[in-house]
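# What the coordinates show
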Amino acid sequence: MIDLKDVVYCRLGTADLEEAESFAVGILGLEVSERRKDAIHFKSDIRDHTLCYFEGDPEDQVTAFEVGSAADLQAAANTLDTLSMDVEQGSAAECEARHVRDFIRFKDPTGNRIELVVRPTQSSRRYHGTRDAGITGFSHVGLCTTDPARDEEFWTTVCNARVSDRIGDAPLMRLGAIHHTIALFPFHKPGIQHINHQVETADDIQRSWNFLKERQVNITFGPGRHPTSSAKFLYFSGPNGLTFEYSSGVREIHDEPGWHNRQFPFEPTGFCQWGSRPNIAAFKD
Ligand SMILES: [Fe+2]
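Note that the structure is predicted; figures quoted are calculated from it, not measured.

By the element assignment, Pro190 lies in the loop between strand 12 (182–186) and strand 13 (192–199). For Pro190, a relative accessible area of 37% translates into the label partly exposed. Taking the C-alpha atoms as reference points, Pro190 and Gly270, 80 residues apart in sequence, are found 23 Å from one another. Excluding residues that lie within four positions of it along the chain, Pro190 makes contacts with Thr110, Gly111, Asn112 and Cys144.

Set out below in structure tokens:
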């Protein structure tokens, strides 16, 4: 079994790095940690970086997870190979660009680009955004799935994810105590469905709602509260239409053997207990 420790970063292609930086710093509230010729890295917590925008195709979206050791990485490559999934070793230059010791890349059964990394660099400097969004860190990703049951099986049997709850057939899956680190949402093609940053309090959610509205940012869902994770949330659009989320107060599951996943309806009440309505039709486009 591939033992994923945590999600570590997302890498997003963009045709307009300047626009991406302007959004990431001025709207989302991240901090530039490094500028390269064709990429910018952003910090959201103690890690070296948790987001990278690079010059490239906006459809090129990568999510990375940490595994425990070089031996675990090799074992993961062997496991994927056994399943006839194509695995590529990251080059030395690619490792250097990602600030990781080593990594492999593959695609999940839907075709989402995934990297497994070992020894991602921690920063000696805490995150300090110029916009006070209240961010405490990068926390989870939503990935698109063309077959939720098939992909749930991949993430929970080939990898170590556990289903905390389901909304319809969409599983919210944990790697550690946090209610979910990976969520799968039905869609007709691969891609990142949303990127979540935790913020300190519900006040930060409310403040950001006003901040984003004043700047004509497209708010897609919320403010609201998830009945699954109990988190208060706000979803909005970033460059190339990608959805970002702030949330606060996510449930933690410490009674691992005692938790039994729950079923919620794939309708507005399954996503929000305050009455905010997601665009359910968008999941089916
Ligand atoms: Fe989320």
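Once the structure has been displayed, the description carries forward.
Turning to the UniProt feature "domain: VOC" (unreviewed entry) in the protein chain, a few remarks are in order. Look at the UniProt record and you will see "domain: VOC" (unreviewed entry) annotated at residues 6–119 and 137–249. Structurally, residues 6–119 is divided into 28% helix and 39% strand, and its ends, taken at the C-alpha atoms, are 12 Å apart. Helix makes up 21% of residues 137–249 and strand 46%. Its end C-alpha atoms lie 13 Å apart.

A few words on the sheet that holds strand 2 (residues 31–36). The eight strands lie next to each other as 2-3-4-1-5-8-7-6, forming an open sheet whose pairing is mixed. Each edge of the open sheet carries a strand with a single partner, namely strand 2 and strand 6 (88–89). Bridge analysis of strand 2 against strand 3 (residues 39–43) gives five bridges, and the strand direction is antiparallel. Looking across to strand 3, one finds that Glu31 is bridged to Lys43. Along the sheet, helix 2 (residues 70–82) contacts strand 7 (102–107) and strand 8 (113–118); its crossing angle with strand 7, the most-contacted strand, is approximately 20 degrees.

The next subject is helix 5 (residues 202–214). For helix 5, with 13 residues, the first-to-last C-alpha span of 19 Å sits near the 18 Å given by 1.5 Å per residue. Among all positions of helix 5, only Asp204, Ile205, Ser208, Phe211 and Leu212 are buried. Along the axis of helix 5, the buried residues cluster in a sector spanning 130 degrees; they form a single face. On its buried side, helix 5 packs onto helix 1 (17–28), strand 13, strand 14 (219–225), strand 15 (232–237) and strand 16 (243–248). Backbone geometry just downstream of helix 5 places Gln216 in the positive-phi region, at approximately 55 degrees.

Time to look at the domain arrangement of the protein chain. Split into domains, the protein chain comes out as domain 1 (6–118) and domain 2 (135–284). Look at where the C-alpha atoms of domain 1 and domain 2 centre, and you get two points 20 Å apart. Taken together, the contact between domain 1 and domain 2 spans 39 residues of the former and 38 residues of the latter. Taken over both partners, the interface formed by domain 1 and domain 2 buries close to 2700 Å², and the fraction arising from carbon and sulfur atoms is 68%.

Next up on the list: the coordination of the iron ion. Surrounding the iron ion are the protein donor atoms His140 (NE2), His194 (NE2) and Glu245 (OE), which sit 2.0 to 2.2 Å from the metal. Mapping the donors of the iron ion onto the primary sequence gives the spacing H-x53-H-x50-E. You can see His194 sitting in strand 13 and its partner Glu245 sitting in strand 16, a full 51 residues away along the chain. No difference in accessibility class separates His194 from Glu245, as the two residues are buried.

Thresholds, definitions, all that
- Residues numbered from 1 in each chain as written.
- Predicted model: local features only at pLDDT ≥ 70, side-chain atom pairs only at ≥ 80, totals over all residues.
- Heavy atoms only, no water.
- Helix = DSSP H or I, 4+ residues; strand = E, 2+ residues; numbered from the N terminus.
- Buried < 20%, exposed > 50% of the residue type's maximum accessible area, 1.4 Å probe, protein only.
- Contact = heavy atoms within 4.5 Å.
- UniProt positions renumbered as here; feature names shortened; annotations may be inferred.
- Pairing = 2+ DSSP bridges.
- Axes fitted to C-alpha atoms, helices over the stretch in contact; angles between N-to-C directions.
- Expected span 1.5 Å × (residues − 1).
- Arc of directions from axis to C-beta.
- Domains from an automatic or database assignment.
- Buried area = accessible area lost by both parts, 1.4 Å probe.
- Donors = N, O, S within 2.8 Å, 3.2 Å for Na, K, Ca; no water.

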